[in-house]
Amino acid sequence: MNEQAALFKDKQLGFLIYLFVESVMFATLFATYIIFTPAPSSPRPIDVFEAKSVILSSVFLLSSSGTLIFAEKGLNVRESKQNLTGLGITLLLGLIFLGLEIHEFYKYVQEGNGLTVNVFMSAFYVLVGLHAAHVTFGSGWMILLLIQYKTMKQSYQLYTEKQRIFQYYWHFVDVIWVFIIILVYLPYLL
Amino acid sequence: MTIPFFGKSIFVPSDIIAAWILSIVLGAILFIYVMNKRKWPLIWEYMRTTNHRKIGTMYILFGVIFFLRAGTDALLIRLQLAQPHAAFWVFQQEKYNELFTTHGTMMIFFVAMPLLIGLMNVAVPLQIGARDLAFPFLNAVSFWLFLAGAILFNMSFFFNSAPNAGWTGYAPLSTDTFTPSVGNDYFVFSLQVSGLGTIFTAINMIVTIVRHRAPGMRLTRMPLFSWATLITSFLILIAFSVLSMGLYLLMFDRMFGTGFFSGDTGNPVYWQHLFWIFGHPEVYILALPAFGIFSDIISTFSKKRIFGYPAMVLSIILIGFLGFMVWAHHMFTVGLGPMANTFFAITTMLIAVPTGIKVFNWLFTMRGGVVKITTPMLFALGFIPTFVMGGVTGVMLSVAAANFQYHDTHFVVAHFHYTIIGSTILGIFAGIYFWYPKVTGKVLDEKLGKWHFWLFIIGFHLTFLPMHVTGLQGMPRRVYTYQWGDDLFALNLTSTIGAFLMGSSMLFVGWNLYKTHKHGKKVGNDPWDGRTLEWTVQSPSQENTFEPMPIVKEMDPFWYAKVSGEKLRTTNNTRPAPISVNTILPFCIAFSLSIMSLGMIYTWYLLAVLGGASAFLLFIVRSLTDERKAYDLKEGHSNE
Amino acid sequence: MKNILIRIRLLVFACLLTGCDISVLDPQSKTADNQAFLISFSFALMMIVLIIVFLLMTRFVWKYRETEHNKNTIPKDIKGNKKLELTWTILPILLLTVLAVPTIAVTYNQSATTPKATTQDDAIHIDVTAQQFFWTFTYGNGKESTNELVIPENKSIVFHLKSTDVIHSFWIPSLGGKTDVLPEKELVYKIDNPKKGTYDGKCAEFCGVNHTKMRFTARVVSEETYQKWLTK
């Protein structure tokens, strides 16, 4: 039996269960958002949300899942260049998404729609903010992976496992974003 | 008492001064003991360990310490309630509110949970033939997170700001408008930190049970304690995630001015929903492992396999599943309307069915057996009637319209102490007596154990049986006194006497531990004539267990091997064991997170950022020093 | 049937304490009476279960205890017994069904609701305002009283419950079960046909420092006295 593979399968299962935990957490926050939106006092979601910024940030984040798959293909066939490019672009897209997200929040606050304006805005910030925190964490993780790839002080297989686990995380964060589009933005932009 | 502090004078209640003095004295004694006996290397070893038995031992050790602390709270509560219009020491009004809040919170999160998780750590890997938990490093992280949360929670009391909104933390009372002191911030952050640890443990247990069983140990042959652990872990995954998000929202309400649970547009009842979606499964998280422990003990000491094994497994699953559909029976009086009340009344009643199946199966396991009444078995026998009494009052409580009368009275207090002490605490005692040889290599003294049992169980019924009546007599929960005219004196005094009997039984535990340590003889692998794999390994269990690995062909494999006079077949061809390491990182991670929590609690954000950053830094260190790297290179999968 | 139940509950609780009445089990209104019936009924049903378990356990532990004779015997293995196991699955279900019927009936009648659902003309409506740590009662003609509730006997009384701060709970054990008093939502709870007398009322949801002291007196008086009191 390949010993490393067995240990990796443990890790894989453990991490997928962890993602299940995260999805329960996000589900709770989605429920919170749905319960409190729209709030009885202004602003209403319609006054706040802007289709343009949502579409723009979605494009960047969702395409990053694609570039990550591209990187994975390189990883599998040990195409160092393809993997590095893929990871690099994914990181870049993630950072751009973060920038857009910060800009969006900043704009809302400038318009007077901060965290405490009403319960709808609160529910929005705690949910989307937590997602943004996940993207931030993921970006840091990617940088760490890039460093480990460059120095490669471990076997290639062990590194591969690390990147695999990261991929589950990143795709998961993307799926959460899809839910955010569907449940948070879309009902009030259509 | 007023104490000068940097030119200001600060009022400090005398109980806190007493606690400081006591802690300093005890701490000094402990320090001198450690110095004299040269125990530093041992402590250092345990701080860096990732071995399941050692971590389990630490869970149990600290669980017991917090049990004494929360038990003291209970005795203080009972002293204040001993007679009408009592004014015992300082425990009225705010002080009393803090008292029952810390009692409840600590008993649930820092006593019952760690003690059960400790037993799981000790027993589950040995029962299923795993060489350790799947993720030894994560297991250490879980433990230190629990301890960090617990210490954080205890600190609040020493700084005269214990939480005071009840262990349920009902909003809006728990929001900053009505309880502005930092007490409930401590509540939020300590539960958040320790809850994270609990979630990690659940993940660890599931992966261990799913992937690390001995060859031939099918799920249908697995001991019931391991089954209960598996189902409990699934409950934890959902329940604690919801709690975590509830606390997250409460934190925003308390610290950043949002209004989810209070104010004009907030919804206090939503907190109750979130809390009980966690809180009710939590009850089963506490009860199911105890059921598992009793199943194994009753079967062992009846010398018979468990009666109706498939039904026992199914009922665990069913209880776990139904446990998520009953949360609103804690909320019959909040006006959810007749439909919801009826629905939750019915689902609650349904839980009685699988629970009843379990009770009768336990009884029929004894039928036709040879029942040997050892201390663990005695606790199991005490459990059955006690828990059934809690169960029937549970059914009575599920009758929604009658619940309008019971709700939030001492009847409810009696009910949940009957169920939680009846199952969880008795189960923990039974489990500790049962598996003590696997931890220390010695069996606890039977005679003192029986003294412990009888004092505890008599004291228990004396304490809580009268509460059914005081509740119906009109005594609400969480009141610090009552009047002569309420006709409650005799019953409350009885409760107080009972509580002190329970407390005194713990002296026998202390004596027993001491006596066994001094005079107890080492026992072999199998002191109880056990049935399952944990009794095939050395007592105490070593770091390299199951070498060679037994092959399992039926349930209770060890027992049947003994009966047929054959040895268990073994193999050397096994899956790789989890890699154990010695590392101080888990301790540091938990320490960083408590620094971060303290920073948040006192809004010293710089400290919070420092703590958080150090935690992230430790993650990076962890990733770069992965223990599998060394193993990996040793295996020869070098980098091509 | 009902007499038997009353006798059962008297019997059982008489052993526990002699001399004092248990307020919840000595109902002084129709509402509380229904609840007391449910309590006794469920208690009686559950006693059956409890007694069976106690008897079986005592018998099994005694009969099969370890003795010098059987010390070294290995008992026969029994995996289970389908018939027996079905019995203790189905019987409890039946028992619970019996319990569920009155539960549903009374719960449907008595659950607190939101205001619009209840409009009963001959009922007496009283606004109850809970505040840390006292009760204010406002009557139809605008009269207010603090910590003292006065209601006429043998009427339907509808309480409109509202809190100005945290959650409280309105409870008069002798007259009926409790209803939470919420800050954000008005709840309506009805008590039918109270009997004359003076009863204790209290806050039953932990509400802060002086939760213990948040008590009130409920006086049920004759119709005339009530009218007189209203205009006083």
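Whatever comes next refers back to the structure up there.
Overview of the sheet that holds strand E1 (residues 124-131) of chain C
In a beta sheet, neighbouring strands are held together by backbone hydrogen bonds and run either parallel or antiparallel to one another.
Residue and element names in this part refer to chain C.
So, point 1. Read across the sheet, 5 strands follow the order E3-E2-E1-E5-E8 without closing on themselves; strand pairing throughout is mixed. Since the sheet does not close on itself, it has two edges, and those belong to strand E3 (144-146) and strand E8 (187-192), each with one partner. On average, adjacent strands in this sheet sit at an angle of 25 degrees to one another, irrespective of strand direction.
So, point 2. Two strands pair when backbone bridges link them, and strand E2 (residues 134-138) and E3 are joined in this way by 3 bridges, in the antiparallel orientation. Bridged to Phe 137 within E3 is Ser 145.

Some points on the arrangement of the chains
So, point 1. There are 2 pairs of chains in contact here; the most contacts are made by chains B and C.
So, point 2. There is a gap between chain A and chain C: no contact, and a shortest C-alpha distance of 13 Å.

Focus: the interface of chain C and chain B
So, point 1. Listed by partner, the interface residues are 87 residues for chain C and 92 residues for chain B.
So, point 2. Around 7,500 Å² of area is buried between chain C and chain B when both sides are counted, 70% of it from carbon and sulfur atoms.
So, point 3. The largest share of the area that chain C buries against chain B comes from Tyr64(C), Trp88(C) and Phe206(C), three residues that together contribute 10% of it.
So, point 4. Counting every contact that joins chain C to chain B gives 1 salt bridge.
So, point 5. Arg215(C) serves as the salt-bridge partner of Asp486(B), at 2.9 Å between the closest nitrogen and oxygen.
So, point 6. Sorting the residues of the side of chain C that touches chain B by element identifies helix H1 (2-16), helix H2 (30-63), helix H3 (82-110), strand E7 (176-181), E8 and strand E9 (197-203) of chain C as the ones contributing at least two each.
So, point 7. Here the side of chain C that touches chain B takes 16 residues from H2(C), the largest share from any one element.

A short note on the packing of aromatic side chains
Residues and elements named next belong to chain B.
So, point 1. Counting across every chain of the model gives 104 aromatic pairs over all chains.
So, point 2. Positioned over the ring face of Tyr 46 is Lys 54, at 5.8 Å from the centre of the ring.
So, point 3. A cation over a ring is seen here: Arg 69 above Phe 157, with NZ or CZ 5.0 Å from the ring centre.

Rules of the game
- Residues numbered from 1 in each chain as written.
- Chains lettered and ligands numbered in written order.
- Predicted model: local features only at pLDDT ≥ 70, side-chain atom pairs only at ≥ 80, totals over all residues.
- Heavy atoms only, no water.
- Pairing = 2+ DSSP bridges.
- Helix = DSSP H or I, 4+ residues; strand = E, 2+ residues; numbered from the N terminus.
- Axes fitted to C-alpha atoms, helices over the stretch in contact; angles between N-to-C directions.
- Contact = heavy atoms within 4.5 Å.
- Buried area = accessible area lost by both parts, 1.4 Å probe.
- Salt bridge = Lys/Arg side-chain N within 4 Å of Asp/Glu carboxyl O.
- Phe/Tyr/Trp six-rings, centres within 6.5 Å; stacked < 30°, edge-to-face > 60°.
- Lys NZ or Arg CZ within 6 Å of the ring centre and 35° of its normal.

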